[in-house]
Structure formats: C-alpha cells, structure tokens
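Each chain is listed here by its residues.
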Amino acid sequence: MSELIGVDVGGTAIKLGRFSSGGELLAELECPTPQPAMPGGVVTAIVDAVAALDPDRRASRVGIGLPGPMDAAARVARVCINLPGWQQVPLAEWLEPQLGRRVTLANDGNCALMGEAWRGAAVGYRDVLLLTLGTGVGGGVLLNGQLFTGQGGAAAEPGLISVNPDGPACNSGNRGSLEQYCSIAGLRRLLDQDPQTLDRLARAGDLQALEAWREYGRWLGVGLSSLIYVLTPQLVLIGGGLSAASAHFLPHALAEVEQRVQAESRLGLEIRCAALGNGAGRLGAARLALERLND
C-alpha cells in the first residue's frame, strides 16, 4: 500500500509526517505557520512542505488536522476560531490539484485522538475522551471504537463547554468556556508567568505557583466532571503542551472529579496523560487518510 502524509496545522507551526500504512514514521518536517495565518498563505506553506517531505511522491493520501470543525464530508474547514479568515474554506478542493494527492480534513483534536488510538495510550479502548491543553483547549471523542463528529461534522468541542456562565468571553461566542480557564491564557490569568516558568517554580516549591496549578486543576476537574457524566468513557487522556506539567495539576483535577461525579458514572474510569506528545495530531491525520481515502 502507498504511504500516507499527516499534517497538523497550528497557530505557530505546521507539523508534517510521512508514514507507512502501519503508522511507522518515515520522515518528518516542521515549518512556521505564515503570519497572519490566512488560508491562502497556509495552502502555499502546506504545498511547499509536502513537496519537501515527499519529493518522490510515495504518498498518495494526505490527512490534515485544523483547529476547528469540518463539514460532514471532511472537505471544508467551517471555522477556525483562533485563525484569521477561516470561514467555510474549501481546503481539500484547493489543495488536491496542487498536491496531486487526495485530501481529507479533520479537527486537530480528533486527529490527536486517532493517533493515540492507533499507536498511543488509547490502543485497545473503545470509549475515550481526549483533551488537548495548550493555546486553546481541544479534544475528541471515541464512542464504541468510532470517532464521534455528530450529524454535521462539528461535534466534540470539549474546550467550548461552559464552566462559568459569567466567565471571560470566548472567541466561539460562549462565555466562561473550559478553554478560558484551562488554556495557556487561562493559566496566565491565575499567575502571569509562562507555563515553563510556572512548572519550574512549582518544582522548587513556590507557593504561588503551586496554588495557581491547584486552581487550574480544579477548573479542569469541573469541566471533566460534566463531560464524564455525558460520556462515561473508559479512558480520559490529557494531552497538549500543558500536559508536561500534569504532576502539578492532575491530582487536583482527579480530586474534583471524584467529589463531583457519582461512583456509578466513573466506574472503571482511567484518567491519565496521552503518550504521543506533539506527534499525535499528524499521526492521527494520516490514520484518517488511510481510513477515508481507500485506494
């Protein structure tokens, strides 16, 4: 079978991988996301990067993860709320003639979940919730072994659920969304330091840093509690850049879940960190290309 390309489009970087049909990484490349990250500039960057990654054209299928919902046919990026100019962008249609390859699109959180389910921490699980904690809060849902995207393709945006109806405004139009409390910006509202500094301070025993992480974990636990009541998953995975500091906040999130969620709704539940780091999204995008774009 032909090889696959997975692309993870972020606000600051575009990460690409070329994979075998079994998910083995054969080559990788990362390039900066054009600023501003308008659709035209991102298309040019992807075309150039794919040409550099696969000059011999070994891959015939490309999966692309983006920070927002796709249409049900996985051809149109409906909106990317943290990228400018991304409303109803027919990205697959634009890319296919330039790449000379078939293209499918997906939410980046869904891609990360599919990567973890293929070769990461969710292997063997059929009901999984993934949260990615970073610049935003994304994620995905696996139900009975199938990626859940809803009737229009836009389901499973766990970062956009409300945890405080009077909280800060969200780019989605919501207020007090989980993203406003558990993104990097939400963490900075608690203590105005970057996550790496807060991690270092907490490891050194700084009381202010430890309290900020405790409060961060509390908000994460509040959001998880609502999601667990709806989904009752086997496994909750915490990914994204902030998961590197999970030792400081995950125990507090777990305590909040235990307090808020009745025992029957968390029977057998496991909550832990994802395994694949920043490589999960591109791997999962490749997996979706394999599943959707059959030769």
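Rules used throughout
Residues numbered from 1 in each chain as written. Predicted model: local features only at pLDDT ≥ 70, side-chain atom pairs only at ≥ 80, totals over all residues. Heavy atoms only, no water. Helix = DSSP H or I, 4+ residues; strand = E, 2+ residues; numbered from the N terminus. Buried < 20%, exposed > 50% of the residue type's maximum accessible area, 1.4 Å probe, protein only. Axes fitted to C-alpha atoms, helices over the stretch in contact; angles between N-to-C directions. Parallel < 35°, antiparallel > 145°, perpendicular 65-115°, else oblique. Contact = heavy atoms within 4.5 Å. Nonpolar A, V, L, I, M, F, W, Y, C, P; charged D, E, K, R; others polar. Polar contact = N/O pair within 3.5 Å; in protein donor to acceptor, adjacent residues only side chain to side chain. Pairing = 2+ DSSP bridges.

**Q** Would you explain unusual backbone geometry in this entry?
**A** For residues other than glycine, phi is negative in most cases, and the peptide bonds are mostly trans. In the segment running from Gln35 into Pro36, the intervening peptide bond is cis, with an omega of -5°. With respect to the element layout, Pro36 can be found in the loop between strand S3 (25–32) and helix H1 (39–53). In the Ramachandran plot, Ala156 falls in the positive-phi region, its phi being about 70° despite a non-glycine side chain. Mapping Ala156 onto the fold places it in the loop between strand S10 (146–147) and helix H4 (178–182). Overall, the relative accessible area of 16% leaves Ala156 in the buried class. Even without a glycine there, the phi angle at Thr232 is positive, about 35°. Relative accessible area serves as the criterion here: at 44%, Thr232 is assigned to the partly exposed category.

**Q** Looking at this structure, how should I read the packing of helix H3 (residues 108–119) against helix H9 (residues 280–292)?
**A** Helix packing geometry: the angle between the two helix axes and the distance between the axes. For the pair H3 and H9, the least separation of the axes is 6 Å and the interaxial angle reads 80°. One element, H3, and the other, H9, form an angle in the roughly perpendicular class. Listed contacts from H9 to Cys111, Ala112, Met114, Gly115, Glu116, Trp118 and Arg119 of H3 are Ala280, Gly281, Leu283, Gly284, Ala285, Arg287, Leu288, Leu290 and Glu291. Its residues placed into classes, the contact of H3 with H9 shows nine nonpolar, three polar and four charged.

**Q** Just checking my understanding: could you explain helix H6 (residues 195–203) for this structure?
**A** Helical geometry: 3.6 residues make up each α-helical turn, so side chains three or four residues apart lie on a common side. Where H6 is concerned, the buried positions are Pro195, Thr197, Leu198, Asp199 and Ala202. On the buried face of H6, the contacting elements are helix H5 (184–190), helix H7 (207–231) and helix H8 (246–260). A side-chain oxygen of the first residue of H6 lies 3.1 Å from the backbone nitrogen of Gln196; this N-cap is Asp194. Gly205 sits one or two positions beyond H6 and adopts a positive phi of about 90°.

**Q** Would you mind going over the environment of Gly63 with me for this structure?
**A** Assignment of secondary structure puts Gly63 in strand S4 (residues 59–66). Overall, the relative accessible area of 1% leaves Gly63 in the buried class. Spatially, the C-alpha atoms of Gly63 and Val42 are 15 Å apart, while their sequence positions differ by 21 residues.

**Q** Would you explain the sheet that holds strand S9 (residues 137–143) in this entry?
**A** With mixed pairing, five strands are arranged side by side in an open sheet as S10-S9-S8-S11-S12. Edge positions in the open sheet fall to S10 and strand S12 (270–273), since each of these has one partner strand only. Direction of pairing for strand S8 (residues 128–133) relative to strand S11 (residues 235–239): parallel, over a ladder of five bridges. Across the sheet, the residue bridging to Thr132 is Gly239, located in S11.

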